[in-house]
Amino acid sequence: MYKKGLIVVIITLLLTIAVGSYGFAQDDELVVGLANDALYLDPHQQNETTTNMLCKHIYDSLVNHTADMEIVPSLAKSWERNSDTEWVFYLEEGVKFHNGNEFTASDFKYSVDRIRDTIIASHVANIEEVTVVDDYTLKIETVKPYAVLLRDLQKIMIVDEEYAEKVGDEKLNMEPVGTGPYELVEWIKSDHITMVANEDYWDGAPEIKKVTFRPITNNATRTAALLSGDVDLINDVSVRDAERIASNDDLTLIEKPSLRLIYLHVDGWREKSPTIDLESNPMQDLRVRQAIYYGINVDEIVEFTMNGHAYPADQYVPSTLLGYVDGIERYHHDPEKAKELLAEAGYPDGFTVTLDAPNDRYVNDAEVAQAIASQLSKIGINVELNLMPKSVFFDYVRPGDKSSLVMSGWSATTGDSGRMYEVFLVTRDKYEGLGGSNRGHYTNDDFDQAVIASNNTASLKERDQHLQEATQIAFDDLALIPLYYQEDLMAKKSYVEFTPRVDNAVFAFEMSINK
Amino acid sequence: MFKYITKRLYQMILVLFVVSIIVFFVMSFTGDPVLMMVTPDATQAQIDRARTELGLDKPLITQYFIFVKNILRGDFGKSYVFKQSAIKLIIERMPATLELVFVSVLLSIIVAIPLGVFAGAFPNKRSSKTIMLGSLLGISLPNFWVGMMLIFVFAVHFRVMPSSGRGEVVNFLGMRISIFTADGFKHIILPAVMLSIQSLAILLRLTRAGMMEVMKQDYIKFARSKGVLQNSLLFQHALKNALIPVITVFGIQIGKIIAFATVTETIFSWPGMGKLLIDSINRSDRPVMVAYLMIVAFIFVLLNFIVDIVYTSIDPRIDLR
Amino acid sequence: MAETNKIGKDIEIKKKNRLKEFLESEFFFNYKRNIPAIIGTIIIIIFLLMATIGPLLVTQNPYNLSEIQLMDAYKPPAWVDGGEWKFPLGTDSQGRDILSSVVYGSRISLFIGLTGMLLSSFIGTVLGLAAGYFGGKIDSFIMRIADIQLSFPATLIALFIMSIAGRGIDNLLIALTLVGWVIYARTVRGATLSEKKKEYVEAGKVIGLPSRKIITKHILPNVMTSMIVIATIQVGTFILTEATLSFLGVGVPVTRPSLGLLVKNGFDVLFSGLWWASTFPGLFIMLLVFGINMLGDFLRDELNPRLK
């Protein structure tokens, strides 16, 4: 009797599975597998890549970045500069928020003021005052001559003043209302975010009518989701999965250099380094820092550990960005020369040092750190590894008091090297707000002055000159050892069409489906 | 009986209280959540502001009293990452986990009971021995590895099953449930199989042991000699009695399945509270970790309580102390 | 002189007799006929050999970074196209030989399982004896802690301890001990209580026999068989728990991978077709734990029918 029952149950199960196939995806619907979930859909809570990217679907800013990081008008249709510090913006008229309210200049002013009280206040730190001239005209005054204001404005997403005041922070977060190309349908945390096209979008309704973002945090599972057809597009493809995807006819792999530099922070400016058991800190000697650089085989790391999906770095920013100096040459792997330099510096037998690195922050970070340790061991520097999850790592290395060598990364999203120098290389505790993460305790007054000068000019050309000067000084000192730029890898079904972006964002409103 | 229940209730509250103390103080040794929230270029002023915002500038004892006071009002604090009520975040995800656990338990029962009855009734048959060896293998399998292999074989290689996620969900009694949609049902199969293997093996062994015990009893021997049919003998007479200890032990086992769901959910990107826990550990999101622990503690204590009550009321030999 | 010789001989005879006794015992008779138990023993012996002399046999020390060449990364197993017999089971992302990694990894897994078990049984026995022998407040305090702990799954407690304490073999051992002692404490306490009631213990107490003697002579031998069964099975459980924790990223350090961490590392590349990096370590865990459980199962049936 029970056997029959069991058979019935099993058959029912199998039938359900068979019938329960997907139903065919519509030609204007897209499912995206993302490496992370959004933290908020309130655009003013956190400066985090995925959060910003998803918020950009719902909200607009005054200006936008194109795929090539050019600034183009968005809600501000045009602007002019009255002086070094005063800008006037003319806004699009008749733009409506998703709830029907009209967008006006005061919504922008409100958004700026709202940001001032958050942990992303640095977005508006250079804005002295916003004046609402009339509903469609704004005046912005900067604190000092500030050449890159538009890059900051691009980050300031605009919320509806009336709605935000009425519903409060929590509801704004869960039921966001913006002027953007998509409206939120539902957000089930760590499962999916579904949006539908805003048919009344002021700049024309997007082609993809419904987009679902699924956070699939595990790299392997994300790849599996694309291979099994559950999603149409994934970001942050694991470098190991690239070949398999590239060899599949239905799939397209999108590869391009990213802005993220992976580098070594060298503790070379203190008498004693915490993890080196020697009387004085050997890395104070430039020759030792050079030996370390010569001892690392970046090409090998790129080829094997990164499976070819990275680009050796010759300095601290890619050539397209401000602060890049033509003619700086990276050190090529030369273990003999490295040993010579070590001997010259008085360390023919090398020394032992600890390398701090994260193990869940950058692509294959733990493996790269192990490769570096293995390579340096061959020139006599014995590297102990201290690998940490990112939740511990950034806390651990921030004060710089426990570290001698730190492997970390930086993404120059602002389009120049300035911010990176301010944070990592300007002398610690000397200038307000600068040098806060100077983990190598680098100090060079010429460098500091060059960085500060770059901030006090309204001309991009002058800024570039100052930053180039800084780059040259830091590279001569080997304040940081540049390793490689990561590659941004995305993979999609071949029928999804779009222009890949320099900032690696996935914007459904820039995509179409062509089956 | 009443006195026993009140005593047990009092013990439950005591346990939860102790757990709250341990959890809170131990948790304050985890990575500094403030530095997770701010960008590497934040100034000291920004860091201080974030710290004040989270209430972490106060002394630990004060923080604990605020914590307890809030818990008593059902408020476990706000997630540092999402700035939303931690308990709400967990409860949002609870149906997904419970659904997965439910299907796994069901799967275990459907498979394990018949096999266990068989192996217990005929312990010396070769097939019984194979079943027992199989169950031993089930206990020995690293279940995360099984999950990976399931995805590899069924989702990536043969492409007959979805690899991850929960699929389509429908609202059912205010909860979001996926097993009622074909798509959702398809999504739950692999994770449920992975999660059920261990409990299946344990349930099978329990059933067999219970069965063997019962089969020795006189009334079964008597029924057999009277010629009662095999199936009805096994399933109506023997099983009923064999199941009493099984139910109680398996009740506790459910708690373990909830805990093991963290691994399953991580592998299958199943949006349940276990995955939330692992994500929160990675982000040092203390309030969510604390809330998860307290809720899970509550579930376990409650399960233990129910199991005890059921056990004492079924089996009159147990003395109520 | 002759006297001592005689005593020596006596002891020898006794030893021989014991062995003979053992070989003729019902236990050994059953063991000989229990194929799974024998297979389990063989598996365990192979793993123990691998852990002790294995490192001498394999070609590489996967922990010595200067022995590893990045150029060897991701070579498939020898019998697959592109494989080399230098790396019988292939290599991982760093160019480490998988077979060598598995041998060294088994060592770590076994070490953690065994040491964790020893620590747990020691602490558990001490606390169980204390609780049972002294009774009163000590008893209720220890047992209350045990009760609270038993209401949580061990893996979850260990997960929390590790996520707070951080990766590390020392932390793992602490975590495993903290979750593992309870079962011994309970068993020992139960046995102590029932022994305590017996007349000879009472008598011993009356004539002033020190409690140490009562404990070692009378109570411990009585719980020894149960302890052996529990301990055997616990080693398997601990190895699985460690593997799970390492898989979740809170177990052993990245530079000293256990079998579980090897599986995790391999998981990242499983779907790119590099299946060997996770499949072999996974199989080894399964084999090891299966072996332990097969033996444990037999021991449980033989030595302690109550625990079934």
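Scoring rules and cut-offs
Residues numbered from 1 in each chain as written. Chains lettered and ligands numbered in written order. Predicted model: local features only at pLDDT ≥ 70, side-chain atom pairs only at ≥ 80, totals over all residues. Heavy atoms only, no water. Helix = DSSP H or I, 4+ residues; strand = E, 2+ residues; numbered from the N terminus. Buried < 20%, exposed > 50% of the residue type's maximum accessible area, 1.4 Å probe, protein only. Axes fitted to C-alpha atoms, helices over the stretch in contact; angles between N-to-C directions. Parallel < 35°, antiparallel > 145°, perpendicular 65-115°, else oblique. Left-handed = near helix turned anticlockwise from the far one by under 90°. Contact = heavy atoms within 4.5 Å. Polar contact = N/O pair within 3.5 Å; in protein donor to acceptor, adjacent residues only side chain to side chain. Buried area = accessible area lost by both parts, 1.4 Å probe. Salt bridge = Lys/Arg side-chain N within 4 Å of Asp/Glu carboxyl O. Nonpolar A, V, L, I, M, F, W, Y, C, P; charged D, E, K, R; others polar. Pairing = 2+ DSSP bridges. Phe/Tyr/Trp six-rings, centres within 6.5 Å; stacked < 30°, edge-to-face > 60°. Lys NZ or Arg CZ within 6 Å of the ring centre and 35° of its normal. Patch = residues over 30% accessible without salt bridge, like charges linked within 9 Å, V, L, I, M, F, W, Y side chains within 5 Å. Areas by Shrake-Rupley, 256 points an atom, 1.4 Å probe, with all protein chains shown as cover. Lys, Arg positive; Asp, Glu negative; His and termini not counted. Charge placed at Lys NZ, Arg CZ, Asp CG, Glu CD. Core = buried A, V, L, I, M, F, W, Y, C linked by side-chain atoms within 4.5 Å. Expected span 1.5 Å × (residues − 1). 1 Å grid on protein atoms, 1.4 Å probe; cavity = no way out; pocket = protein on both sides within 12 Å on 5 of 7 lines; lining within 4 Å. Points joined across faces, edges and corners; volume = space filled by probe spheres on them. Domains from an automatic or database assignment.

Draft legend 1. The arrangement of unusual backbone geometry in detail. The phi torsion at A:Asp236 lies on the positive side, around 45°, for a residue other than glycine. By the element assignment, A:Asp236 lies in the loop between strand S11 (233-234) and helix H7 (242-246). Residue classification places A:Asp236 among the partly exposed positions, given a relative accessible area of 36%. Positive phi values are uncommon outside glycine, yet C:Tyr74 reaches one of about 55°. Along the chain, C:Tyr74 falls in the loop between helix H4 (54-57) and helix H5 (98-134).

Draft legend 2. View of the packing of helix H1 (residues 2-27) of chain B against helix H4 (residues 60-72) of chain B. Residue and element names in this part refer to chain B. Running from N to C, H1 and H4 cross one another at 135°; their axes reach a closest spacing of 11 Å. Comparing their axes, H4 and H1 come out oblique. In this structure, H1 meets H4 at a crossing whose hand is right-handed. Between H1 and H4, the residues in contact are Phe 17, Ser 20, Ile 21, Phe 24 and Phe 25 and Leu 60, Ile 61, Gln 63, Tyr 64 and Phe 67, respectively.

Draft legend 3. Expanded view of the side chain of A:His65. Residue and element names in this part refer to chain A. Residue position: His 65 is located in strand S2 (residues 63-65). Here the side chain of His 65 touches Gln 154 through a polar contact of 3.4 Å, side chain to side chain. For His 65, the contacting residues outside a window of four places in its chain are Glu 70, Ile 71, Arg 151, Gln 154 and Arg 501.

Draft legend 4. Just the interface of chain C and chain B, in detail. Taken together, the contacts link 35 residues of chain C with 42 residues of chain B. Between chain C and chain B the total buried area reaches about 3500 Å² when both faces are included, carbon and sulfur atoms providing 84% of it. Three residues, C:Phe160, C:Ile164 and C:Phe271, lead the burial of chain C against chain B; their summed loss comes to 17% of the area buried on that side. The interface formed by chain C and chain B contains one salt bridge. Across the contact surface, chain C and chain B share three residue pairs in polar contact (both at pLDDT 80 or more). When contributions to the side of chain C that touches chain B are tallied by element, the ones reaching two or more residues are helix H6 (136-150), helix H7 (154-165), helix H10 (211-247), helix H11 (259-270) and helix H12 (276-303) of chain C. Ranked by residues supplied to the side of chain C that touches chain B, first place goes to H12(C) with 12 residues. Partitioning the side of chain C that touches chain B into residue classes produces 23 nonpolar, nine polar and three charged.

Draft legend 5. Representation of the pattern of salt bridges. Scanning all chains against the criterion turns up 26 salt bridges over all chains. In this structure, A:Arg419 engages A:Glu422 in a salt bridge whose closest nitrogen and oxygen atoms are separated by 2.3 Å. With A:Arg419 and A:Glu422 both in helix H13 (residues 418-424) and three residues apart, the pair spans about one turn of that helix. In this structure, B:Arg205 and C:Asp297 form a salt bridge, with 2.5 Å as the shortest nitrogen-oxygen distance. Of the two residues, B:Arg205 sits in helix H8 (residues 182-215) while C:Asp297 sits in helix H12, which places them in two different chains. There is no split in this pair, since B:Arg205 and C:Asp297 are both buried. A single salt-bridge network, built from bridges that share partners, covers A:Asp42, A:Arg114 and A:Asp169.

Draft legend 6. Spotlight on the pairing of strand S6 (residues 127-134) of chain A. Residues and elements named next belong to chain A. Of the pairings in the sheet, the one linking S6 to strand S7 (residues 137-142) comprises six bridges and is antiparallel in character. Considered in S7, the bridge of Glu 129 is made with Glu 141. Connecting S6 to the next strand, S7, in antiparallel fashion are two residues.

Draft legend 7. Summary view of the packing of aromatic side chains. Residue and element names in this part refer to chain A. Inspection of the entire model under this criterion finds 35 aromatic pairs over all chains. Aromatic rings pair up to connect Trp 269, Tyr 293, Tyr 294, Tyr 316, Tyr 331, Tyr 421, Tyr 442, Phe 447 and Phe 475 into one cluster. In this structure, Lys 189 packs its charged tip against the face of Trp 187, placed 4.8 Å from the ring centre. The ring of Tyr 396 has Lys 402 lying over it, and the distance from NZ or CZ to the ring centre is 4.9 Å.

Draft legend 8. Molecular detail of the pairing of strand S8 (residues 182-188) of chain A. Residues and elements named next belong to chain A. As judged from the six bridges shared by S8 and strand S9 (residues 192-197), these two strands associate in the antiparallel manner. Looking at the pairing, Trp 187 lines up with Ile 193 of S9. Joining the antiparallel neighbours S8 and S9 is a turn of three residues, in which Ser 190 adopts a positive phi near 55°.

Draft legend 9. Geometry of the interface of chain A and chain B. Taken together, the contact pairs 50 residues of chain A with 54 residues of chain B. Interface area, chain A with chain B, both sides summed: about 4500 Å², of which 52% is carbon and sulfur. Of all residues in chain A, A:Ile119, A:Lys189 and A:Arg398 give up the largest surface area on contact with chain B, accounting jointly for 14% of the area buried on that side. Summed over the shared surface of chain A and chain B, the number is two salt bridges. One can count eight residue pairs in polar contact (both at pLDDT 80 or more) joining chain A with chain B. For the side of chain A that touches chain B, the secondary structure elements donating two or more residues are helix H1 (2-19), helix H5 (161-174), S8, strand S10 (210-215), helix H6 (219-227), helix H12 (390-397) and H13 of chain A. Residue contributions to the side of chain A that touches chain B peak at five residues, all from H1(A). Here the residues of the side of chain A that touches chain B are counted per class, giving 19 nonpolar, 18 polar and 13 charged.

Draft legend 10. Up close: the sheet that holds S6(A). Residue and element names in this part refer to chain A. In spatial order, the strands read S4-S5-S7-S6; together these four strands make up an open sheet with antiparallel pairing. Of all the strands in the sheet, the pair left with one neighbour each is strand S4 (76-81) and S6. Neighbouring strand axes in the sheet, compared pairwise and without regard to direction, differ in orientation by 20° on average. Bridge count between strand S5 (residues 86-91) and S7: five bridges; the pairing is antiparallel. Looking at S7, one finds that Val 88 is bridged to Lys 139.

Draft legend 11. Summary view of a negative patch on the surface. Residue and element names in this part refer to chain A. On the surface, Glu 93, Glu 102, Asp 134 and Asp 135 cluster together into a patch of negative charge. Relative to the elements of secondary structure, Asp 135 occurs in the loop between S6 and S7. Since its relative accessible area comes to 44%, Asp 135 is described here as partly exposed.

Draft legend 12. Structural detail: the nonpolar core. Formed by 279 residues in total, the largest nonpolar core has its most connected members in A:Ile372, A:Phe447, A:Tyr484 and C:Phe271. A total of 16 residues in this core trace back to one element, the largest contributor, which is helix H12 (residues 286-314) of chain B.

Draft legend 13. Region of interest: H7(C). Taking 1.5 Å per residue as the helical rise, H7(C) with its 12 residues ought to reach 16 Å, and the 16 Å between its terminal C-alpha atoms agrees with that figure. Buried within H7(C) we find C:Thr155, C:Leu156, C:Ala158, C:Leu159, C:Phe160, C:Met162, C:Ser163 and C:Ile164.

Draft legend 14. Spotlight on empty space enclosed by the protein. On inspection of all chains with the given rule, the structure shows two cavities of 30 Å³ or more. When its volume is computed, the largest cavity comes out at roughly 50 Å³. Every residue along the wall of the largest cavity is listed here: B:Ala259, B:Phe260, B:Thr262, B:Val263, C:Thr155, C:Leu156, C:Leu159, C:Leu245 and C:Leu248. Looking at the lining of the largest cavity element by element, the count peaks at four residues for helix H10 (residues 230-268) of chain B. Looking at side-chain class alone, the lining of the largest cavity contains seven nonpolar, two polar and no charged residues. Here the second largest cavity defines a volume of roughly 30 Å³. Along its surface, the second largest cavity is lined by A:Pro43, A:Gln46, A:Asn47, A:Asn52, A:Ile120, A:His123, A:Lys155 and A:Met157.

Draft legend 15. Layout of helix H11 (residues 365-377) of chain A. All names here are of chain A. Under the 1.5 Å per step criterion, the end-to-end length of H11 is 18 Å for 13 residues, consistent within 8% with the ideal 18 Å. Summarising burial for H11: 12 of the 13 residues are buried, a large majority. Buried within H11 are the following residues: Asp 365, Ala 366, Glu 367, Val 368, Ala 369, Gln 370, Ala 371, Ile 372, Ala 373, Ser 374, Gln 375 and Leu 376.

Draft legend 16. Examining the domain arrangement of chain A more closely. Residue and element names in this part refer to chain A. On domain assignment, one finds that chain A holds domain 1 (8-16 + 28-232 + 495-513) and domain 2 (258-487). Taking only C-alpha atoms into account, the centre of domain 1 sits 33 Å from that of domain 2. The interface of domain 1 with domain 2 comprises 11 residues on the first partner and 11 residues on the second. Buried surface at the junction of domain 1 and domain 2, both sides included, amounts to about 860 Å², of which 62% is carbon and sulfur. Ranking the residues of domain 1 by area buried against domain 2 places Pro 145, Ala 147 and Val 148 at the top, with a combined share of 39%. At the junction of domain 1 with domain 2, the criterion picks out zero salt bridges. Run the count over domain 1 and domain 2 and you get zero residue pairs in polar contact (both at pLDDT 80 or more).

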